[in-house]
Amino acid sequence: NARSTKMSKVPLLVLAAGGTGGHMFPAQALAEEMLGRGWRVKLSTDSRGVRFTQGFPSEVQIEVSASATFAHGGVFAKFSTPFVLAIGILITLFKMLLDRPSVVVGFGGYPSIPALSSAILLGLPRMIHEQNAVLGKVNQVFASRVQKVACGFWLTKLPRGASGIHVGNPVRKSVREYAATSYIPPGKFPMSVLVFGGSQGARIMSDVVPPALAQLPLAILKSLNISHQARPEDAKRVKKFYLENSMYAEVSPFFSDLPQRMGKAQLVISRAGASSLADITVVGRPSILVPLAIAVRGEQYANAQSLVDCQGAIMVEE
């Protein structure tokens, strides 16, 4: 019909991102920008990634593709991973034949494999964005098979044949709104502390940060206003600890208004994921960063070091 013909003439961007906020938030930022430029935008992700799509503009079409990883699960799960990914690629390939993208952009994670693989098979323009200072596993595979690698940090080590460009990390509109918020240094008034740990590393932040804050003088404890993002299974005990130690704290598995809380904070205590650091630096808040120890490539350590080098943060190794 006339409407579908008109829509097919509008350039289409397909975003492919894994199921963590670290991949999804930069994808959201790019979606917001390209919609503003008159493009159509689709997001290809998995069932985990859907949890992070609440902030995406309603115009973005969400497509859930079959995906799996070799990193989790038992023997059967690892054995079935190639077959699940193959199914995801075939389905995504068929969808792209019906609605051909102008460009495909991957943000890392196993859920980005079907869309990027389909783009290669169809000879479509394609690129990847690496948020961290070290390439992720999936991005390592695709780096030399795309036209350009957009790097959040510079210099990011790239494999032979890959072409990189430094762009930084795209930041969501909800975060950019607080970029002009002035910083109020700590003083004799209620002070806000924001604590969050990312999807993988939140538990140790719940184990270590509350007892550390409890060692502060009582006069300071009573003036603290703490926002602590904790895993659902940890939230109750964390809240109980703060209450028993004369500290006011809001504890939740997820704060939908995290950028606003960051804008009000005197101090941020966080993991060193690339998206978290991008948000912290855009809003402009001092931070204590705890790199994720199980990040096998050391990417969070490298991320944090960049802020330490410019005296914007203190790094405490796990």
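Everything discussed here concerns the structure shown above.
All of these numbers come straight from a predicted model, not from anything done at the bench. All chains use their own residue numbering, which begins from 1 and follows the written sequence. Per-residue local features of the predicted model are confined to residues with pLDDT of at least 70, and side-chain atom pairs are confined, for both listing and counting, to 80 or more; whole-chain, interface and lining totals are unaffected and use all residues. The side-chain values count all of the structure's non-hydrogen atoms but skip hydrogen atoms and water molecules.

Take the environment of valine 141 next. For helices the rule is a DSSP run of H or I covering at least 4 residues; for strands it is a run of E covering at least 2, with both sets numbered from the N terminus onward. Take valine 141: it is sitting in helix H5 (residues 137-142). Only protein chains enter the accessibility calculation, which uses a 1.4 Å probe; a residue is then buried when its area is under 20% of its type maximum, exposed when over 50%, and partly exposed in between. Overall, valine 141 belongs to the partly exposed group, its relative accessible area being 45%. In this structure, the C-alpha to C-alpha distance between valine 141 and lysine 236, residues 95 residues apart in sequence, is 41 Å.

Time to look at the sheet that holds strand S11 (residues 267-270). The strand order across the open sheet formed by six strands is S10-S9-S8-S11-S12-S13, and the pairing between neighbours is parallel. This sheet does not close on itself; its edge strands, each paired only once, are strand S10 (248-252) and strand S13 (313-315). Strand after strand, the sheet turns through a mean of 15° between neighbouring axes, direction not considered. Here, residues are in contact when the closest pair of their heavy atoms is within 4.5 Å. Angles run from 0 to 180 degrees between N-to-C directions of axes, and those axes are lines fitted to C-alpha atoms, restricted for helices to the stretch in contact. Against the sheet, helix H7 (residues 202-214) engages strand S8 (191-196), strand S9 (224-229) and S11, with an angle of about 170° to S9. Strands pair, by our definition, only if DSSP identifies at least two bridges between them.

Moving on to the pairing of S8. Burial analysis of S8 places six of its six residues in the buried class, which makes it a mostly covered element. Sheet analysis places S8 next to S9, joined by five bridges and oriented parallel. Counted as the bridge partner of serine 192 is asparagine 225 from S9. Relative to S11, S8 runs parallel, the two being bridged by four bridges. The residue of S11 that forms the bridge with valine 195 is isoleucine 269.

Before going further, it helps to examine the packing of aromatic side chains. Working definition: a ring pair exists when centres of Phe, Tyr or Trp rings (six-membered ring for Trp) sit within 6.5 Å. Plane angles under 30 degrees give stacked, over 60 give edge-to-face, the rest tilted. By the definition in use, this model includes one aromatic pair. Measuring from centroid to centroid gives 6.2 Å for phenylalanine 25 and phenylalanine 52, while their planes differ by 80°, and the two rings are edge-to-face. Taken as a pair, phenylalanine 25 in helix H2 (residues 21-36) and phenylalanine 52 in the loop between strand S2 (40-45) and strand S3 (61-64) lie far apart in primary sequence, 27 residues in all. As far as the burial class goes, phenylalanine 25 and phenylalanine 52 line up, both buried. Only lysine NZ and arginine CZ atoms are considered, and such an atom sits over a ring when it is within 6 Å of the ring centre and within 35 degrees of the ring normal. For arginine 172, the ring lying beneath its charged end belongs to phenylalanine 25, and the centroid distance is 3.8 Å.

Turning to the packing of H7 against helix H9 (residues 232-244), a few remarks are in order. Interhelical geometry of H7 versus H9 gives an angle of 0° and a closest axis separation of 10 Å. On the basis of their axis angle, the class for H7 and H9 is roughly parallel. In this structure, H7 uses Arg203, Ser206, Asp207, Val209, Pro210, Pro211, Leu213 and Ala214 to contact H9, whose residues at the interface are Glu233, Asp234, Arg237, Val238, Phe241 and Tyr242. Gly counts as polar in this scheme, as do all residues outside two lists: the nonpolar Ala, Val, Leu, Ile, Met, Phe, Trp, Tyr, Cys and Pro, and the charged Asp, Glu, Lys and Arg. Of the residues that constitute the contact of H7 with H9, the class distribution is eight nonpolar, one polar and five charged. By the definition adopted for this analysis, an angle is roughly parallel if under 35 degrees, roughly antiparallel if over 145, roughly perpendicular if from 65 to 115, and oblique otherwise.

Take the nonpolar core next. Nonpolar cores are built from buried Ala, Val, Leu, Ile, Met, Phe, Trp, Tyr and Cys residues. Side-chain atoms within 4.5 Å join them into one set. Ranked by size, the top nonpolar core spans 23 residues in total, and within it Met96, Val104, Ile128, Phe142 and Val149 carry the most contacts. Here the element with the most residues in this core is helix H4 (residues 113-122); it accounts for five residues. For methionine 96, the contacting residues outside a window of four places in its chain are Val14, Pro101, Val104, Ala115, Ser118, Ala119, Leu122 and Leu124.

On to the pattern of salt bridges, then. A pairing counts as a salt bridge when a side-chain nitrogen of Lys or Arg comes within 4 Å of a carboxyl oxygen of Asp or Glu. Counted by the stated rule, this structure contains 14 salt bridges. A salt bridge links aspartate 99 to lysine 42; the shortest N-O distance between them is 2.9 Å. On the criterion of sequence distance, the pair formed by aspartate 99 in the loop between helix H3 (75-98) and strand S4 (103-106) and lysine 42 in strand S2 is long-range, its members being 57 residues apart. A single burial state applies to aspartate 99 and to lysine 42, both of which are buried.

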